Amino acid sequence: MRIILAGTGSAVGKTTIATGIMKALSEKYNVQPFKVGPDYIDPSYHTLATGNTSRNLDSFFMKEGQVRDSFLKGMQGKDMAVIEGVRGLYEGIDSVNDIGSTASVAKALNAPVILIINSRSLVKSAAALVLGFKSLDPEINIAGVILNKVKNEAHYQKTKRSIEELTDTEVIGGIVRDNNISIEQRHLGLVPAVERENSLKFIDIWSKTIKESIDLDRLVEIAKSAPKITSDIVPIWNKLNKQPVKIGVAFDEVFNFYYKENIEALEANNAKIEYFSPLKDENMPDVDGLYIGGGYPELFSKQLSENKTMLSDIKQFHLENRPIFAECGGLMYLMNSIHDDKVVDVYPYKSVLTDRVQALKYTIAEVTKDNIISKKGEKFHGHEFHYSKVIVDKNNMRHELAFNILRGKGSYNNQDGFMERNTLASYVHTHVAAMPDFGGNLAISSLELGG
């Protein structure tokens, strides 16, 4: 069983509706949540709602067969998939093709779509929206509609009648607009659930609203109508390492932006994962390599700077030429300081939070120097989304950079990937599907350099 919840555009309420549906259905089914696109924050809500780690499906990172492989890996032992789309159903990296869109994932998985509409002040025009979305690509099976932000029951019934009679598309529910169920924003989107003490309270409210407003039995019937996946499968990672190795992964309130498949790729390459908290733990675990992902270190810079034993351990690990890979927030942590708070100091530069977004884009990178995760000459897809920057220019820049950024911005002069000994830090977030040797290369680097 699988269903895609797609919007007519951004800000139609997809995340609250999708999370509420996931929570409500989890009372009866073992629900596996998915999110289309490069996103760490929405999936944190999905994970809390279902108890299963949400996964990302993205046709910019993944070949069509890899979308299916990632989906099927996630569905092992699960009853039903609920997939939250990204932006509008057809929005991707191009104004004509499908790459990066929810529509591309719907086609790769042959999954029925429920279209979510912000129906404020719409009645018959809502039918026009549905007709347009259905006619643009007949391969997409728009099997139902959810109306969000309806004024009252009368508004809902009028709009429902218009859509069903004029478009032959079923409306399976309507949600009355209520500002009390909205969630606050942060500079990278929704506040990540891992930070919010009252996240579960919000999710319970969304679930209760969904159960009162949407025909969940009908939604399940639509999900059951999805045919068996029989198209080709392309593996999202390669297995290169057969020897045991231990890799430490920073995971806490600060660092929690990881793609689940990146961790699984390490495990598939015989790595034992040791999670630790740079914020709360006094010392690093006994490991052969380190992986420090993204998050919000700028919000915890003072606390991070006060954990002197952890900073010392990581700096010493680096000085011993043992491998460290850091992404985005992890990159900031390895700099000399975040604002004026001293951190690890692998790199002698200051990182700061700015008032405006510094990079928000899918990226294409070319590897120009061999490093702990990739080889010279390779190209890979990724994404960058950050309000921070590293203060480097031609006067103080003294490091080699591992990547030329062919699409996107990078850290300096259309380059990224600061290299120092066997430490690599980059603003580019990678997904193993776009770099299938990632897990194997980091495991082998950890074995050979850190063991």
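Procedures and definitions
- Residues numbered from 1 in each chain as written.
- Predicted model: local features only at pLDDT ≥ 70, side-chain atom pairs only at ≥ 80, totals over all residues.
- Heavy atoms only, no water.
- Helix = DSSP H or I, 4+ residues; strand = E, 2+ residues; numbered from the N terminus.
- Rg over C-alpha atoms; globule rule 2.2 N^0.38 Å.
- Contact = heavy atoms within 4.5 Å.
- Areas by Shrake-Rupley, 256 points an atom, 1.4 Å probe, with all protein chains shown as cover.
- Lys, Arg positive; Asp, Glu negative; His and termini not counted.
- Charge placed at Lys NZ, Arg CZ, Asp CG, Glu CD.
- Pairing = 2+ DSSP bridges.
- Axes fitted to C-alpha atoms, helices over the stretch in contact; angles between N-to-C directions.
- Phe/Tyr/Trp six-rings, centres within 6.5 Å; stacked < 30°, edge-to-face > 60°.
- Lys NZ or Arg CZ within 6 Å of the ring centre and 35° of its normal.
- Expected span 1.5 Å × (residues − 1).
- Buried < 20%, exposed > 50% of the residue type's maximum accessible area, 1.4 Å probe, protein only.
- Arc of directions from axis to C-beta.

Engineer: Hey, could you go over the overall build of the protein for me, with residue numbers and the actual values?
Structural biologist: Regarding its fold elements, the protein presents 13 helices and 25 strands. Expected size for 451 residues packed as a compact globule is a radius of gyration near 22 Å; at 23 Å, the protein falls within 12% of this value. When the backbone C-alpha atoms are referred to their principal axes, the protein occupies close to 70 × 45 × 40 Å. Considering only contacts in the protein between residues 6 or more positions apart, those separated by 24 or more positions represent 76%. By element, 46% of the accessible surface of the protein is carried by carbon and sulfur atoms, the whole surface being about 18,300 Å². Between the centroid of the 53 positive side chains of the protein and the centroid of its 57 negative side chains there is a distance of 3 Å.

Engineer: Requested: an account of the sheet that holds strand β6 (residues 142-150), with residues and values cited.
Structural biologist: On the basis of which strands lie adjacent, the open sheet formed by seven strands has the order β3-β2-β4-β1-β5-β6-β7 and parallel pairing. Among the strands making up the open sheet, the edge pair consists of β3 (55-57) and β7 (171-176). On average, each strand axis in the sheet is tilted by 25° relative to the strand beside it, whichever way the strands run. Two elements, strand β1 (residues 2-7) and strand β4 (residues 80-88), share five bridges in a ladder whose sense is parallel. When the bridges of β4 are listed, Arg2 appears paired with Ala81.

Engineer: Before we move on, could you go through the packing of aromatic side chains and cite the residues and values that matter?
Structural biologist: One pass over the structure, following the stated rule, counts 21 aromatic pairs. Members of the aromatic cluster, connected to one another through ring pairs, are Tyr40, Phe60, Phe61, Phe257, Tyr259, Tyr296 and Tyr362. The ring of Trp237 carries Lys73 above its face, with NZ or CZ at 4.9 Å from the centroid.

Engineer: Kindly report on helix α11 (residues 308-319), identifying the contributing residues and their values.
Structural biologist: Helix length check: α11 (12 residues) gives 16 Å between terminal C-alpha atoms against 16 Å at 1.5 Å per residue, within 8%. For α11, the complete set of buried residues consists of Met310, Leu311, Ile314, Phe317 and His318. In an axial view of α11, the angular spread of the buried residues amounts to 125°, which keeps them on one side of the axis. The first or second residue beyond α11 is Asn321, which carries a positive phi of 65°.

Engineer: Let's hear about the sheet that holds strand β21 (residues 388-390): which residues, and what values?
Structural biologist: With mixed pairing, four strands are arranged side by side in an open sheet as β17-β16-β18-β21. Single-partner strands in this sheet number two, and they are β17 (341-342) and β21. As judged from the three bridges shared by strand β18 (residues 350-353) and β21, these two strands associate in the antiparallel manner. When the bridges of β21 are listed, Val352 appears paired with Lys389.

Engineer: Can you tell me about unusual backbone geometry, naming the residues and giving the values?
Structural biologist: Glycine aside, residues mostly have negative phi, and peptide bonds are mostly found in the trans state. Positioned with a positive phi, Asn321 is a non-glycine residue whose angle comes to about 65°. Accessibility expressed as a relative area gives 32% for Asn321, which makes it partly exposed. Residues other than glycine seldom take positive phi values, yet Asn414 does so here, at roughly 55°. Along the chain, Asn414 falls in the loop between β22 (400-407) and β23 (415-420). According to the relative accessible area criterion, Asn414 is partly exposed, its value standing at 44%.

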